[in-house]
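Okay, here's what each chain looks like letter by letter:
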Amino acid sequence: MNVAVNIDQPNVEVGDLPLMSVRSVSKHYGARIGCADVNFDIWPGEVLAIVGESGSGKTTLLNCISTRLPPSAGTVSYRMRDGEMRDLYGLGEAERRLLLRTDWGFVHQNPADGLRMTVSAGANVGERLMAVGDRHYGNIRATATDWLGRVEIDADRIDDQPRAFSGGMRQRLQIARNLVTAPRLVFMDEPTGGLDVSVQARLLDLLRGLVHDLGLAVIIVTHDLAVARLLSHRMMVMKDGRVVEHGLTDRLLDDPQAPYTQLLVSSILQV
Ligand SMILES: Nc1ncnc2c1ncn2[C@@H]1O[C@H](COP(=O)(O)OP(=O)(O)OP(=O)(O)O)[C@@H](O)[C@H]1O
């Protein structure tokens with residue numbers, strides 16, 4: 001049986017009001033449960049990790065809360081820049097697109113899903129700036145160069161296409177493309193998955209620094225508790241589409257309450 005959800009108030013410097021509120025979100029694929037009755041809030045500047053084994057519903061949930069997949073039931077509300085809390089599935093298409101381009105980022109596990117592989121690295125970053133109204137070529141190029149530097153890509157690669165980059169470089173470019181417009185909320189789906197361990201470690205370090213410096217709110221899906229430990233303030237553990245435990249990351253890893261979380265934590269401590 002699942003243990004009751006424990007929603008702790010985050011012990012981090014965050015805004016007073018939640019940025020996003022998720023209430024009773026469920027998604028069914030025919031008779032199969034994708035995710036069921038998920039509830040949480042996320043505050044500005046907070047990093048929430050959604051963890052669980054393959055098939056536990058992490059990606060389904062991430063897609064439901066980022067307007068990529070309408071839930072079968074429940075509501076997802078978001079605090080717009082004017083301070084108003086809006087139901088995301090009540091937004092018009094133009095409002096939704098604006099949100100995706102300006103206020104949100106989405107870092108995919110496979111960089112090819114988040115990049116345009118046949119335009120230059122500089123254009124990949126510059127495009128997002130143009131989408132928010134920047135029209136000055138010199139400014140766009142200077143900002144793109146600055147962002148390539150921030151993600152540790154040499155400036156002399158600015159005109160290269162990402163297909164000429166390594167996996168780690170592509171992922172860093174995808175991160176630059178997402179962060180250049182100063183979003184308030186970034187969704188990440190296994191951002192270090194599929195990379196070598198040493199590349200993963202460097203990328204995690206970089207991500208941690210950027211998230212901290214920019215004060216980003218992040219919802220990150222990972223099956224890797226080490227990633228959750230390093231990046232997140234709060235963790236939500238999923239199993240069979242349901243949240244089995246939810247709390248501050250340190251507390252949850254030091255003193256897991258749900259039998260399933262205990263099993264997950266003990267299995268990484270044994271290796
Ligand atoms: N398009 C779909 N059609 C039918 N069932 C689906 C679909 N997408 C996901 N599911 C099912 O929903 C459940 C949750 O899948 P989901 O991909 O959200 O899990 P996950 O935790 O993200 O797994 P992984 O880590 O392997 O990506 C699984 O039982 C899966 O088979």
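Residues numbered from 1 in each chain as written. Predicted model: local features only at pLDDT ≥ 70, side-chain atom pairs only at ≥ 80, totals over all residues.

Caption draft 1: How the structure looks around the site of the ligand. Neighbouring the ligand are the residues Y29, R32, G34, G52, S54, G55, S56, G57, K58, T59, T60 and H223. At the level of elements, β2 (32–42) and α1 (58–65) are the ones that each hand at least two residues to the shell around the ligand. In terms of residue count, the dominant contributor to the shell around the ligand is α1 (3 residues). Taken together, the residues of the shell around the ligand break down into 1 nonpolar, 9 polar and 2 charged. (Near = placed C-beta within 6 Å. Helix = DSSP H or I, 4+ residues; strand = E, 2+ residues; numbered from the N terminus. Nonpolar A, V, L, I, M, F, W, Y, C, P; charged D, E, K, R; others polar.)

Caption draft 2: Up close: the UniProt feature "domain: ABC transporter" (unreviewed entry) in the protein. If you check UniProt for "domain: ABC transporter" (unreviewed entry), the listed places come out as residues 20–265 in our numbering. Between the end C-alpha atoms of residues 20–265 there is a gap of 28 Å, over a span that is 39% helix and 26% strand. (UniProt positions renumbered as here; feature names shortened; annotations may be inferred.)

Caption draft 3: Representation of the sheet that holds strand β7 (residues 185–189) within the structure. With respect to topology, 6 strands assemble into an open sheet ordered β6-β7-β8-β3-β9-β10, the strand pairing being mixed. Edge strands, defined here as strands with exactly one partner in the open sheet, are β6 (104–107) and β10 (242–248). Each neighbouring strand pair of the sheet contributes to a mean axis angle of 15°, computed without reference to strand direction. Of the strand pairs in this sheet, β7 and strand β8 (residues 217–222) are connected by 5 bridges, and their pairing is parallel. Within β8, the residue paired with V186 across the bridge is V218. (Pairing = 2+ DSSP bridges. Axes fitted to C-alpha atoms, helices over the stretch in contact; angles between N-to-C directions.)

Caption draft 4: Seen up close, the packing of helix α5 (residues 167–179) against helix α6 (residues 197–214). Closest axis-to-axis distance for the α5/α6 pair is 10 Å, and the angle between their directions is 10°. The angle between the axes of α5 and α6 places the two elements in the roughly parallel class. Side by side, α5 and α6 meet where G168, Q171, R172, I175 and L179 of the first sit next to V199, L203, L206, L207, L210 and L214 of the second. Along the lines of polarity and charge, the residues of the contact of α5 with α6 split into 8 nonpolar, 2 polar and 1 charged. (Parallel < 35°, antiparallel > 145°, perpendicular 65-115°, else oblique. Contact = placed C-beta atoms within 7 Å.)

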